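# Working through the structure, step by step
Here's the letter readout for the chains.
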Amino acid sequence: MDLRLDGITHHYDGLLALDSIDLAVRDGETVAIIGPSGCGKSTLLGIVGGLLKPTSGRVETIGAPRADSLNPFTYIFQDFALLPWRSVAANVALALEHHKLPRAERHDRVQAALDLTGLSDFATALPKQLSGGMRQRVGIARALVVRPAVLLLDEPLSALDAQTRELLMEDLLAIWARERSTRLYVTHNLDEAARLADRVVVLSRRPGRLREIVTIDVPVAERTGPSAQAVIAGVRDRLWMLIRDEARDAEREVQHA
Ligand SMILES: Nc1ncnc2c1ncn2[C@@H]1O[C@H](COP(=O)(O)OP(=O)(O)OP(=O)(O)O)[C@@H](O)[C@H]1O
Ligand SMILES: [Mg+2]
């Protein structure tokens, strides 16, 4: 499913959070969104997913979701409230609870989502028996089990330590290769943006305005090869140059507050 954002502007009472965002996202593409704290990244995801109605502008979808997609728009957050008394498989199945499905299909979907996220051997484990990274994989599996047309990821790896984050980035690339959603990926982490996305949208400080769109010239499927590393490092440097002054200003503001 393609997405088209047309002049998205959002006010919270008197506060202008987003100003005239235009963006076209192709089916199957991963677009990262970066920008200083409070510039409206989460607001933008909320608008795309239909949780929030923009003050003006609109989100258009082009093409229908696949027939097996139960939820066209699905979120992945940094923190999933897993039910502690439910097994991994039962936590994943939670996302299917409001859908009438034959028992066999329910089972197959949960198995496929566990397989995609490397959790097949942990189906009967309880969340408290798992590391933080494994728990986040359960959250990702729960999002994928509905086969979303559009995945809306809001800092999905931000609560994890650096090594776990590295592992999850590798996993996400492997998942991207096997499932066909369109993805919007909000992050503060330039490395995640440069490694996981096809394009990176850079927003200004609040009110969030579109500053630049950086295209990464190595296909996502080829990101793990050695020749990709130089390109990724170049993109990361370019992104940092684009945001450093605003990041510094934003930091000063927080310290004076
Ligand atoms: N429900 C709300 N009511 C009023 N103001 C809000 C509300 N939600 C967000 N804001 C404000 O709107 C601005 C944009 O918020 P948003 O959460 O979209 O930013 P963000 O880019 O996701 O920030 P962060 O990087 O910290 O996650 C911020 O100034 C925030 O304080
Ligand atoms: Mg946010």
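Use the structure listed above.
Rules used in this analysis
Residues numbered from 1 in each chain as written. Chains lettered and ligands numbered in written order. Predicted model: local features only at pLDDT ≥ 70, side-chain atom pairs only at ≥ 80, totals over all residues. Heavy atoms only, no water. Helix = DSSP H or I, 4+ residues; strand = E, 2+ residues; numbered from the N terminus. Buried < 20%, exposed > 50% of the residue type's maximum accessible area, 1.4 Å probe, protein only. Contact = heavy atoms within 4.5 Å. Expected span 1.5 Å × (residues − 1). Arc of directions from axis to C-beta. Near = heavy atom within 4 Å. Polar contact = N/O pair within 3.5 Å; in protein donor to acceptor, adjacent residues only side chain to side chain. Areas by Shrake-Rupley, 256 points an atom, 1.4 Å probe, with all protein chains shown as cover. Nonpolar A, V, L, I, M, F, W, Y, C, P; charged D, E, K, R; others polar.

### Side note on the environment of Leu-70
- Tracing the sequence through the fold places Leu-70 in the loop between strand E4 (56-62) and strand E5 (73-77).
- By relative accessible area, which is 22% here, Leu-70 ends up partly exposed.
- Excluding residues that lie within four positions of it along the chain, Leu-70 makes contacts with Leu-96, His-99, Leu-101, Arg-109, Val-146 and Arg-147.

### Quick word on helix H3 (residues 103-116)
- Between its terminal C-alpha atoms H3 stretches 20 Å, which fits the 20 Å expected from 14 residues at 1.5 Å a residue.
- Within the sequence span of H3, burial applies to Arg-109, Val-110, Ala-113, Leu-114 and Leu-116. One side of H3 holds all its buried residues, which, seen down the axis, span an arc of 165°. Across from the buried face of H3, at angles greater than 90 degrees, the exposed residues are Arg-103 and Ala-104.
- Residues of H3 that are buried in the fold lie against helix H2 (88-93), helix H4 (132-144) and helix H5 (162-178).
- Note on H3: the residue one or two positions beyond its end, Gly-118, has a positive phi of about 70°.

### Here's the deal with the site of ligand 1
- In the region of ligand 1, 13 residues are neighbours, and Gly-38, Lys-41, Ser-42, Thr-43 and Arg-206 sit closest.
- Within the contact set of ligand 1, an oxygen atom lies 3.0 Å away from a backbone nitrogen or oxygen of Gly-40.
- Within the side chain of His-188, an N or O atom sits 3.1 Å from an oxygen atom of ligand 1.
- If ligand 1 stood free it would expose 640 Å²; the protein chains cover 60% of that surface.
- Breaking the shell around ligand 1 down by element, the ones donating at least two residues are strand E2 (15-25) and helix H1 (41-49).
- Ranked by the residues each element gives to the shell around ligand 1, the list is headed by H1, at three residues.
- The residue makeup of the shell around ligand 1, split by class, is four nonpolar, six polar and three charged.

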